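Commentary on secondary and tertiary structure
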Amino acid sequence: MKATVFIKPGKVEVQNLDKPVIEKETDAIIRVVRACVCGSDLWWYRGISEHESGSAVGHEAIGVVETVGSAVDTIKPGDFVVVPFTHGCGNCAACLAGFDGDCLNRDSHSVGYQAEYLRYDNANWGLVKIPGQPSDYSEEMLNSLLTLSDVMATGYHAAATAEVKPGDTVVVMGDGAVGLCGVIAAKLRGATRIIAMSRHEDRQKLALEFGATDIVAERGDEAVAKVLELTDGGVDAVLECVGNEQSVETALQVGRPGAIVGRVGIPQKAEMNTNRLFRRNIGLRGGIAAVTTYDKATLLDAVLNGEINPGKVFTQSFALDDIQAAYAAMDERKAIKSLVVVADK
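Residues numbered from 1 in each chain as written. Predicted model: local features only at pLDDT ≥ 70, side-chain atom pairs only at ≥ 80, totals over all residues. Heavy atoms only, no water.

Quick look at the pattern of salt bridges now. Evaluation of the coordinates by the stated rule reveals 20 salt bridges. In this structure, Lys24 and Asp121 form a salt bridge, with 3.2 Å as the shortest nitrogen-oxygen distance. Of this pair, Lys24 sits in the loop between strand S2 (11–16) and strand S3 (28–36) while Asp121 sits in the loop between strand S6 (117–120) and helix H3 (123–126), and the two are 97 residues apart along the sequence. Accessibility expressed as a relative area gives 0% for Asp121, which makes it buried. Here Glu139 ties to Lys345 by a salt bridge, and the two come within 3.9 Å at their closest N and O atoms. With Glu139 in helix H4 (residues 139–147) and Lys345 in the segment after strand S15 (337–341), this pair connects stretches of sequence that are 206 residues apart. (Salt bridge = Lys/Arg side-chain N within 4 Å of Asp/Glu carboxyl O. Helix = DSSP H or I, 4+ residues; strand = E, 2+ residues; numbered from the N terminus. Buried < 20%, exposed > 50% of the residue type's maximum accessible area, 1.4 Å probe, protein only.)

Our next topic: the side chain of Ser144. Here Ser144 is to be found in helix H4. Taking the relative accessible area as the measure of exposure, Ser144 reaches 1% and is therefore buried. Of the polar contacts made by the side chain of Ser144, one reaches the backbone nitrogen of Gly311; its length is 2.9 Å. (Polar contact = N/O pair within 3.5 Å; in protein donor to acceptor, adjacent residues only side chain to side chain.)

Turning our eyes to something else, we now look at the packing of helix H6 (residues 177–188) against helix H7 (residues 201–210). It is the contact of H6 with H7, at a shortest axis distance of 9 Å, that shows an interaxial angle of 15°. One finds that H6 runs roughly parallel with respect to H7. Every pair of crossing elements has a handedness; the one defined by H6 and H7 is right-handed. Of H7, the residues touching H6 (which contributes Leu180, Val183, Ile184 and Lys187) are Arg203, Leu206, Ala207 and Phe210. Taken together, the residues of the contact of H6 with H7 break down into six nonpolar, no polar and two charged. (Axes fitted to C-alpha atoms, helices over the stretch in contact; angles between N-to-C directions. Parallel < 35°, antiparallel > 145°, perpendicular 65-115°, else oblique. Left-handed = near helix turned anticlockwise from the far one by under 90°. Contact = heavy atoms within 4.5 Å. Nonpolar A, V, L, I, M, F, W, Y, C, P; charged D, E, K, R; others polar.)

This part is about the environment of Lys226. Structurally, Lys226 can be placed in helix H8 (residues 220–231). Taking relative accessible area as the criterion, Lys226 reaches 29% and is therefore assigned partly exposed. In contact with Lys226, not counting residues within four places along its chain, are Val216 and Glu218.

Looking now at the packing of aromatic side chains. In this structure the tally under the stated criterion is five aromatic pairs. Aromatic side chains Phe6 and Trp44 sit 5.1 Å apart centroid to centroid with 75° between the ring planes, which places their arrangement in the edge-to-face category. Of the two residues, Phe6 sits in strand S1 (residues 2–8) while Trp44 sits in helix H1 (residues 41–45), which places them 38 residues apart along the sequence. When sorted by exposure, Phe6 lands in the same class as Trp44, which is buried. Three or more aromatic residues link up through ring pairs in this structure, and these residues are Phe6, Trp44, Tyr45 and Tyr327. Sitting above the plane of the Tyr117 ring, Lys19 keeps its charged end 4.2 Å from the centroid. (Phe/Tyr/Trp six-rings, centres within 6.5 Å; stacked < 30°, edge-to-face > 60°. Lys NZ or Arg CZ within 6 Å of the ring centre and 35° of its normal.)

Shown next as structure tokens:
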């Protein structure tokens, strides 16, 4: 089968690899229909983090189940599914508490979604069944369904952990796909004022379309001053969707006393001074998104009912054979998020 393989920083390529097979009774083999490139993939693509050369990559997909292991009885061959990156088992303490992103029984080697086929562990609970077949849906709807494998759920996790509620004023740090989905999530949870931090015109327009009421293009101390001026003292909740030092520092300063920061940007600095939190009673939550939990409870229905359309974050589309161009488009900010068309509907 064709699969995307990391070669070195700045280079990925499609290679012919062995098609995955059932290894555990909890597995399913998925024929991938759509995949995509994640902002977190750019870490190792840019050489910021280490990654093993020759390894298969990608962690977002939708597809059709081909075969299942003997312990899988809720999903069957032929089912159309969202394939979350989280692989929650549904039975451990983390999953039962609603944090399947931290599943205690996850197979950490179940990756390689930018491929024609993938092996998914914990298929019985982790996969999210979509009614019908891919051919029943428009391309626009398929795109939105694809976001449920990661970015829409991750944006929602930022809003959920920040405890966004009806009537809140919210700041969203980051204008990538996750940040834009955070805008959607804040609106979905009832926020009435949503301040998107963005300095890129195309992303600002999409943020406004998704529900942002204000745009702040400033950074650092200027951004803090602007938000405090707009809100007369700070916001109720902050969605931190970047992870770099400046974004985190800003997030900790724009909330009113008692605000909560929902942090989903992967940390790019190991250390944090928490004194700023203490002195203003700021709460800090967040982590890896509970993708299956949110999809099943809220997000799948919101997409199917047309309440949200997060697939608009895909601004360029590529065939699997053009995966290098898909990565380059995001790396060079020519695409907000790159869609990868793996197979016909």
